[in-house]
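Given next are the chains, with one letter for each unit.
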Protein chains: 2
Amino acid sequence: MNSASVTEKKLLHALMQFKRLGWHEQFIRGYKPSEIRVLVCIKRGMDLGYPDIKVSEISKRMQVTSPTVTQLVKSLEAHGLVERNNDLVDRRSVGVRLTEKGEEVARQALETFLATMSGLIEYLGEEQSEQFIELLLNVSRYFREREADMLYFQGIGDDEA
Amino acid sequence: MNSASVTEKKLLHALMQFKRLGWHEQFIRGYKPSEIRVLVCIKRGMDLGYPDIKVSEISKRMQVTSPTVTQLVKSLEAHGLVERNNDLVDRRSVGVRLTEKGEEVARQALETFLATMSGLIEYLGEEQSEQFIELLLNVSRYFREREADMLYFQGIGDDEA
DNA sequence: TAAATTAAGTTGACAACCTAATTATATCCG
DNA sequence: CGGATATAATTAGGTTGTCAACTTAATTTA
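Owing to the predicted nature of the structure, the values given are computational and were not obtained by experimental measurement.

**A word on the pairing of strand E3 (residues 94-98) of chain A**
Alignment of strand E1 (residues 53-54) of chain A against E3(A), held across two bridges, turns out to be antiparallel. By the bridge assignment, Lys54(A) is partnered in E3(A) with Gly95(A).

Structural data, given as structure tokens:
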């Protein structure tokens, strides 16, 4: 085999290494990572001037299904980090917003994340960081495009017993 | 806020995008991704001249606990992709090896992966691919180093090989 | 207004892990 | 030798994150 094959294997290896990082997101004040992600998602909307966010909107932004969001929001509500309020215009909708406590947790989480990013940027250097960002987005694009193709293969069921 | 903060946010975003790629590893002939990974892991050993591999060895290489491996192997065995055989020297050990069918599935999976890698390399270009590999490994290193710090907070005692 | 669509929630499942405890050996050392 | 200790694998049970299938309620559209 030629050098291309070597690069392929190195790439596969590097990707596996990377993918298997739990990338540090466990824990944070006793809340589950997915909860934190919802919190931060809501906070981002809030910072842009939309304190209330719909479940469907969270779902879209986080790229998970709405049942998933419903569950997470329920749990966050139980912890007193968010509150729901019915939308008066469209009564199917539910507005989710952070409580003060939720905002605090979100703020802290975001800070922690950004500090980690900041550390990484320092570690890599500014230039390499920019490059890394671009490459990550490129690669994401590649996989996303290809994924559509792969679903066709899914139905090829040659199963046994 | 200076420009660093912008880079941090972009980086966070890019990482999230990337992380949330199921990176195409679902399914494959009806077998679970984790099963496939075990298969490929065993095959790699086989190609290096070690057809039998111990559970603990798989565990180490895949960086998952041995109960996890046991389960996966059990499932693979049920599908007729691997077989166990008792080690005669150390009777606590179990040697796992691919059946012919297992080898075929592993071969195909590896081929598919490498083709995907090959496509990606083409997509990025050789030079950028190399850069990407290096950056991934660097970043993995960064997170791993930092994770060690974070584990103190959690109490998740885990050692490396 | 009936039909279609959309928003959210409920239920039940599953993948991919983990920890703790258990069983069977193996090894080491007084 | 024989007990203490270490190691390999397994069993049992739990957690997280996610989804598909379905329901209910409300809204839009033909």
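**Observations regarding the sheet that holds strand E3 (residues 94-98) of chain B**
Residue and element names in this part refer to chain B. One open sheet accounts for three strands, arranged E1-E3-E2; its pairing is antiparallel. The two strands at the open ends of the sheet, each matched to only one other strand, are strand E1 (53-54) and strand E2 (82-86). One ladder, built from five bridges, connects E2 with E3; its direction is antiparallel. When the bridges of E3 are listed, Arg-84 appears paired with Val-96.

**A word on the protein's contact with DNA strand C**
Near DNA strand C lie 25 residues; those nearest to it are Ser56(A), Arg84(A), Arg92(A), Ser34(B) and Thr65(B). Sugar plus phosphate, as a fraction of atoms of DNA strand C within 4 Å of the protein: 75%. Between Lys74(A) and DNA strand C, the recorded distance is 3.1 Å, taken from a side-chain N or O atom to a phosphate oxygen. Between DNA strand C and Arg91(B), the relevant distance is 2.9 Å, taken from a phosphate oxygen to a main-chain nitrogen or oxygen of the residue.

**What to know about the sheet that holds strand E2 (residues 82-86) of chain A**
Residues and elements named next belong to chain A. Reading across from one edge, E1-E3-E2 is the order of the three strands in this open sheet, with antiparallel pairing throughout. Only two strands of the sheet have a single neighbouring strand rather than two, namely E1 and E2. Sheet strands touched by helix H2 (residues 33-47): E1, E2 and E3. Its angle to E3, the strand with the most contacts, is close to 95°.

**Notes on the interface of chain B and chain A**
The partner chain A presents 60 residues to the 63 residues of chain B that form the contact. When chain B packs against chain A, close to 6700 Å² is buried across both sides, 71% of that on carbon and sulfur atoms. Counting across the interface, chain B meets chain A through two salt bridges. Between Lys10(B) and Glu130(A) there is a salt bridge; the shortest N-O distance is 3.1 Å. Taken together, the connections running from chain B to chain A amount to ten residue pairs in polar contact (both at pLDDT 80 or more). Those elements that place two or more of their residues in the side of chain B that touches chain A are helix H1 (3-19), helix H5 (100-124) and helix H6 (126-154) of chain B. Considering every element that reaches the side of chain B that touches chain A, the biggest residue donor is H6(B), with 21 residues.

Calculation criteria
Residues numbered from 1 in each chain as written. Chains lettered and ligands numbered in written order. Predicted model: local features only at pLDDT ≥ 70, side-chain atom pairs only at ≥ 80, totals over all residues. Heavy atoms only, no water. Pairing = 2+ DSSP bridges. Helix = DSSP H or I, 4+ residues; strand = E, 2+ residues; numbered from the N terminus. Near = heavy atom within 4 Å. Polar contact = N/O pair within 3.5 Å; in protein donor to acceptor, adjacent residues only side chain to side chain. Contact = heavy atoms within 4.5 Å. Axes fitted to C-alpha atoms, helices over the stretch in contact; angles between N-to-C directions. Buried area = accessible area lost by both parts, 1.4 Å probe. Salt bridge = Lys/Arg side-chain N within 4 Å of Asp/Glu carboxyl O.

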